[in-house]
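# Coordinate analysis (summary)
Spelled out, the chains give:
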Amino acid sequence: MTPLAFGGFKYEYRVVTRPEPAMAPILLLGGAFQDKQSWLRHEALIGPLASVVTVDLPGAGAADYLPAGYGLEFLADALHHMIVEEGLPPLNVMGGSYGGAVAYRLAQRHPADVRRLLLCGTALDVPDATRARAADTVALLRRGAMDDFVRATLALFLCQDSDREIRRQAAVARLLERQLRALTPEDIRKYVANTERVLAAPLPAGAPPAVPTLLVTGEHDSLTTASMCRATAARCPDARFLTVRQADHLMPLQRLDEFVDLMLRFFGDRTLHDLPYRTPPAGHDQPARTAAA
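Read on for a plain summary of the structure. (Residues numbered from 1 in each chain as written. Predicted model: local features only at pLDDT ≥ 70, side-chain atom pairs only at ≥ 80, totals over all residues. Heavy atoms only, no water.)

So, about the environment of T279. Tracing the chain through its elements places T279 in the segment after α10 (256–267). For T279, a relative accessible area of 7% corresponds to the buried category. For T279 and Q179, which are 100 residues apart along the polypeptide, the C-alpha to C-alpha distance reads 30 Å. The contacts of T279, once residues within four sequence positions are left out, are E219, T243, V244 and R245. (Helix = DSSP H or I, 4+ residues; strand = E, 2+ residues; numbered from the N terminus. Buried < 20%, exposed > 50% of the residue type's maximum accessible area, 1.4 Å probe, protein only. Contact = heavy atoms within 4.5 Å.)

Structure (structure tokens):
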């Protein structure tokens, strides 16, 4: 673990180096309740082909608490600081959920840092109803209503439609519930600030990222829905969009092997056509741009 400081806030990152990589290093940025240790199983599958970078930015994991008044642009600049300090080449960047919003801004503000950009479950324009549900989880934590917080958070992140077939949803739900019930006071403080940071974030100003971009989420994602992610893809000049079968917002855990395969294909500039785990384009009405090659 390598400690750094940016803007007066300490943060940490780790680099697992592949001696003879087949592609550029891959940076993995997670969302709520994830830190630099959350990607170890993904990292083991990526490791034979690429070096892997994970980071606890200010406000996450072992890093310092970051007040909500610091925006997502600050976190993107902290990432740039890490890349410069480590002397890293242009990276393949995967940002999931909250991490996707940061990754998008990194590619906007520091385009030379990003080779390719994969955004998973990332919506830049969040509907009022979704904002209200996320704000409700913060209110429950502030009241100390932990049982209600756990129920509301599980319902926020996981599709509640029992008619939908979702791989490993019960197991992933149990894992998430254990994480929620094990939150420390400092974890809660960080979650509240991070959620308020996202809810207060305006739509990103300026030109969208021009790097090759892929937007992906589970076909049954009820938090950042397919239409919301497709709208993010539509902002970018070189973006494609697809959904993964039998998964919701927590698709990177529910379809772990398939998600790693998708990352390696996209970052390795290989075809995305006819993947057995992707939803056919007809599964969603008129995508802005569908990954066909």
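Along strand β6 (residues 114–120), six of the seven residues are buried, which leaves the element largely enclosed by surrounding structure. In terms of strand pairing, strand β5 (residues 91–96) meets β6 through six bridges, oriented parallel. Pairing of V93 across the sheet is with L117, part of β6. Read from β5 through helix α3 (residues 98–109) to β6, the crossover connection turns out right-handed. Pairing analysis gives four bridges linking β6 to strand β7 (residues 213–218), with the strands arranged parallel. (Pairing = 2+ DSSP bridges. Right-handed = clockwise from strand over helix to strand, strands pointing away.)

The next thing to look at is the packing of aromatic side chains. According to the stated counting rule, one finds eight aromatic pairs in the structure shown. Plain terms: the ring middles of F9 and Y70 are 5.0 Å apart, the flat faces sit at 80 degrees to each other, and that makes the pair edge-to-face. Pair noted here: F9 is in strand β2 (residues 9–16) and Y70 is in the loop between β4 (52–56) and α2 (72–86), with a separation of 61 residues, a long-range link. According to the relative accessible area criterion, Y70 is partly exposed, its value standing at 32%. On the numbers, 4.9 Å between centres and 15 degrees between planes, the contact of F33 with Y191 is stacked. Here Y191 lies in helix α7 (residues 185–200) and F33 lies in the loop between β3 (26–29) and α1 (40–46), a separation of 158 residues in the sequence. (Phe/Tyr/Trp six-rings, centres within 6.5 Å; stacked < 30°, edge-to-face > 60°.)

With that settled, the discussion passes to the layout of surface pockets. Of the voids in this model, the second largest pocket is the one considered here, and its volume is about 460 Å³. Contributing to the lining of the second largest pocket are 26 residues, with A32, Q34, Q179, L250 and L253 lying nearest its centre. Elements with a minimum of two residues in the lining of the second largest pocket: α1, β5, α6 (169–181) and α9 (251–254). The biggest single contributor to the lining of the second largest pocket is α6, with five residues. Classifying every residue of the lining of the second largest pocket gives 14 nonpolar, 10 polar and two charged. (1 Å grid on protein atoms, 1.4 Å probe; cavity = no way out; pocket = protein on both sides within 12 Å on 5 of 7 lines; lining within 4 Å. Points joined across faces, edges and corners; volume = space filled by probe spheres on them. Nonpolar A, V, L, I, M, F, W, Y, C, P; charged D, E, K, R; others polar.)

Let us look at the pattern of salt bridges. Side chains that carry opposite charge are capable of pairing whenever their charged atoms lie near each other. One pass over the structure, following the stated rule, counts 14 salt bridges. Two residues, K36 and E12, come together in a salt bridge whose shortest N-O distance is 3.0 Å. With K36 in the loop between β3 and α1 and E12 in strand β2, this residue pair connects regions lying 24 residues apart in the sequence. Note on E12: relative accessible area 22%, which makes it partly exposed. A salt bridge links E186 to R189; its shortest N-O distance comes to 3.5 Å. Here R189 and E186 lie together in helix α7, a separation of three residues that amounts to about one turn. What you see here is one network of salt bridges that share partners, running through E12, K36 and D56. (Salt bridge = Lys/Arg side-chain N within 4 Å of Asp/Glu carboxyl O.)

Here D261 lies in helix α10. The exposure class of D261 is partly exposed, given its relative accessible area of 24%.

Our next topic: the pairing of β4. Counting buried residues in β4 gives five out of five residues, a clear majority hidden from the surface. By the alternation rule, side chains of β4 split into V52, T54 and D56 and V53 and V55, which are all buried. Pairing between β3 and β4: three bridges, direction parallel. If you follow L28 over to β4, its bridge partner there is T54. Once the chain exits β3 it traverses α1 before rejoining the sheet at β4, and the crossover so formed is right-handed.

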